[in-house]
Amino acid sequence: MLRIIALTTAALAAAPAVAQTLDRVEYGPRPFYLIDRMEDGPLKDQLQSCQNQEASMSLFSIGHRGAPMQFPEHTVESNRAAALMGAGILECDVTFTEDLELVCRHAQNDLHTTTNILATPLAATCTTPFTPADGDTSASAECRTSEITLDEYRSLRPKMDAADSTATTVEAYLGGTAGWRTDLYSAEPAMLMTHAESIELFRDLGARFTPELKSPSVEMPFNGFTQEDYAQKLVDEYVAAGIPASDVWLQSFNLEDVLYWIEAAPEFGAQAVYLMDEYDIEGYSPMDASTWPNTMEELKAMGVNYIAPPTWMLVTLESGEIVPSELAIQAKAANLNIITWTVERSGPLVNGGGWYYQSIADAVNSDGVMYELIDVLAQDVGVEGIFSDWPATVTYYANCMGLE
């Protein structure tokens with residue numbers, strides 16, 4: 001029986017308040033929408049041939065903050081949706097509150113765009129109060145988890161990550177959701193999570209774990225809490241929950257965090273993922289190893305086994321075809337495992353795809369290019385997992401190609 005069932009409010013509302021292991025995986029219509037828009041060829045034929053396959057969870061499919069294309073990120077609802085779409089690994093970006101509790105937020109200082117804090121009495125705690133737009137000056141605010149306690153954090157209502165920079169009122173500022181996303185699933189209060197609660201939820205959903213230790217917005221040590229304390233507390237919460245290290249891929253953009261885990265928690269450090277943001281270095285190019293702060297061999301010699309560059313750093317164009325970049329080639333030669341981020345985060349691709357497609361922009365003119373990129377990343381670059389804001393897209397590919 002063909003199991004293609006769209007994700008609906010009713011389907012998610014039927015899920016119990018307490019998480020339980022899902023007994024099904026559903027693609028919804030999006031993979032088929034993307035396939036229909038591909039250029040004719042062997043890859044399209046292969047993907048179309050799998051239309052009657054039964055959906056199943058895959059470790060190749062990683063929920064990026066859950067399923068934030070349509071659900072408020074880092075919420076129970078967003079992660080249930082990601083698991084329902086077959087994401088075998090789920091992510092909690094980790095930061096801390098004033099009372100040093102670990103919570104799931106993409107950044108320590110994003111509460112003004114991801115919650116309703118500005119419309120609550122806790123707006124008084126914000127580092128930068130709301131300032132309305134005025135002429136050429138955009139509206140602004142900055143609110144941090146480090147300024148509120150865990151109990152105060154729990155009182156907030158999550159929303160889609162967005163803000164209207166032209167707003168002159170708080171109410172308008174809290175809008176701004178991109179037109180290709182939706183506020184449909186934000187109408188009912190979603191549930192925020194601590195990191196420990198995410199562990200329980202992801203385990204109950206049958207998924208594995210990839211927490212990211214976010215860079216603090218405050219100076220460290222914070223109230224005596226050092227960066228090493230922070231990195232260790234992340235590990236400790238998995239140990240306390242009885243989660244084996246083999247089920248956890250710790251992540252950080254800070255190489256020092258990764259090296260700390262390799263030294264202080266080697267079982268977890270063996271799968272620690274170095275998130276690569278070298279693109280911020282002036283003159284950097286994934287095609288020119290002389291611009292890299294570390295060679296792939298040097299990273300491997302440090303004990304790093306996993307790297308995670310953004311998708312565009314792993315590919316380039318050659319005679320109009322998507323091919324592996326020099327970075328991808330050298331990482332593979334150094335025997336580094338590669339994970340990458342993020343698909344389904346750019347909106348419609350008819351205009352070139354933006355930041356995530358910058359290295360192949362000349363070949364991006366249709367949503368169907370997404371599967372061409374995923375195929376090159378999987379087959380030619382050899383990535384072991386792809387983060388997605390709508391995991392069904394990657395799950396369908398993984399199931400069709402027989403990836404775990």
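Keep in mind that this is a model prediction, so the values were computed, not measured.

1. Some remarks on the UniProt feature "domain: GP-PDE" (unreviewed entry) in the protein
According to UniProt, the positions carrying the feature "domain: GP-PDE" (unreviewed entry) are residues 59-381. In residues 59-381, helix accounts for 27% and strand for 15%; the two terminal C-alpha atoms are 17 Å from one another.

2. Side note on the state of the cysteines
Under the criterion given, the structure shown has 3 disulfides. Two residues, Cys126 and Cys143, share a disulfide whose sulfurs are 2.1 Å apart. Because the sign of the S-S torsion sets the handedness, a value of about 95° for the bond joining Cys126 and Cys143 places this disulfide among the right-handed ones. Within this pair, whereas Cys126 is found in the loop between helix H5 (111-114) and strand E5 (128-131), its partner Cys143 is found in the loop between strand E6 (140-142) and helix H6 (150-154), the two being separated by 17 residues in sequence. Relative accessible area serves as the criterion here: at 8%, Cys126 is assigned to the buried category. For Cys143, a relative accessible area of 0% translates into the label buried. The connectivity of the disulfides in the protein is 1-6, 2-3, 4-5, where the numbers refer to bonded cysteines in sequence order.

3. Structural notes on the side chain of Arg65
With respect to the element layout, Arg65 can be found in the loop between strand E1 (58-63) and helix H4 (76-84). In this structure Arg65 comes out as buried when scored by relative accessible area, which is 5%. Those residues in contact with Arg65 that lie beyond four places of it in its chain are Glu73, His74, Ser78, Glu91, Asp93, His106, Asp161 and Arg345.

4. Brief notes about H4
Burial of H4 is extensive: 8 of the 9 residues sit out of reach of the surface. Turning to H4, its buried residues number three or more, namely Val76, Ser78, Asn79, Arg80, Ala81, Ala82, Ala83 and Leu84. A positive backbone phi angle near 95° is found at Gly86, which sits one or two residues after H4.

5. Concerning the nonpolar core
The tendency in soluble globular proteins is for nonpolar side chains to be buried as a group. Counting residues in hydrophobic clusters, the biggest one holds 108 residues, and the most contacted among them are Leu47, Tyr238, Trp261, Met296, Ile307 and Tyr371. Per-element tally for this core: the top contributor is helix H14 (residues 369-381), with 9 residues. Not counting residues up to four positions away in its chain, the partners in contact with Met296 are Met276, Ile307, Leu327, Gln330, Ala331, Ala334 and Leu336. Counting residues in each nonpolar core, the second largest holds 19 residues, with Ala133, Ala141, Tyr173 and Leu192 among its members.

6. As for a negative patch on the surface
Together, Glu98, Asp99, Glu101 and Asp151 make up a negatively charged patch on the protein surface. Along the chain, Asp151 turns up in helix H6. Among the residues examined, Asp151 registers a relative accessible area of 62% and is labelled exposed.

7. Brief notes about the pattern of salt bridges
Taken as a whole and judged by the stated rule, the model has 11 salt bridges. Residues Lys214 and Glu212 are paired through a salt bridge, measuring 2.8 Å at the closest nitrogen-oxygen approach. Note on Lys214: relative accessible area 9%, which makes it buried. The residue Asp389 makes a salt bridge to Arg345 at a minimum N-O spacing of 2.5 Å. Placement of the pair is Asp389 in the loop between strand E15 (385-388) and helix H15 (392-401) and Arg345 in the loop between strand E14 (337-343) and H14, with a sequence separation of 44 residues. Per residue, the accessibility class of Asp389 equals that of Arg345, and both read buried. What you see here is one network of salt bridges that share partners, running through Asp23, Arg24 and Glu26.

8. A look at the packing of H14 against H15
H15 packs onto H14 with a crossing angle of 55° between their chain directions and a minimal axis gap of 11 Å. Relative to H15, the element H14 lies oblique. The chirality of how H14 crosses H15 is right-handed. Contacts between H14 and H15 involve Met370, Tyr371, Ile374, Asp375, Ala378 and Gln379 from the former and Thr393, Val394, Tyr396, Tyr397 and Met401 from the latter.

Rules used in this analysis
- Residues numbered from 1 in each chain as written.
- Predicted model: local features only at pLDDT ≥ 70, side-chain atom pairs only at ≥ 80, totals over all residues.
- Heavy atoms only, no water.
- UniProt positions renumbered as here; feature names shortened; annotations may be inferred.
- Helix = DSSP H or I, 4+ residues; strand = E, 2+ residues; numbered from the N terminus.
- Disulfide = S-S within 2.5 Å.
- Buried < 20%, exposed > 50% of the residue type's maximum accessible area, 1.4 Å probe, protein only.
- Contact = heavy atoms within 4.5 Å.
- Core = buried A, V, L, I, M, F, W, Y, C linked by side-chain atoms within 4.5 Å.
- Patch = residues over 30% accessible without salt bridge, like charges linked within 9 Å, V, L, I, M, F, W, Y side chains within 5 Å.
- Areas by Shrake-Rupley, 256 points an atom, 1.4 Å probe, with all protein chains shown as cover.
- Salt bridge = Lys/Arg side-chain N within 4 Å of Asp/Glu carboxyl O.
- Lys, Arg positive; Asp, Glu negative; His and termini not counted.
- Charge placed at Lys NZ, Arg CZ, Asp CG, Glu CD.
- Axes fitted to C-alpha atoms, helices over the stretch in contact; angles between N-to-C directions.
- Parallel < 35°, antiparallel > 145°, perpendicular 65-115°, else oblique.
- Left-handed = near helix turned anticlockwise from the far one by under 90°.

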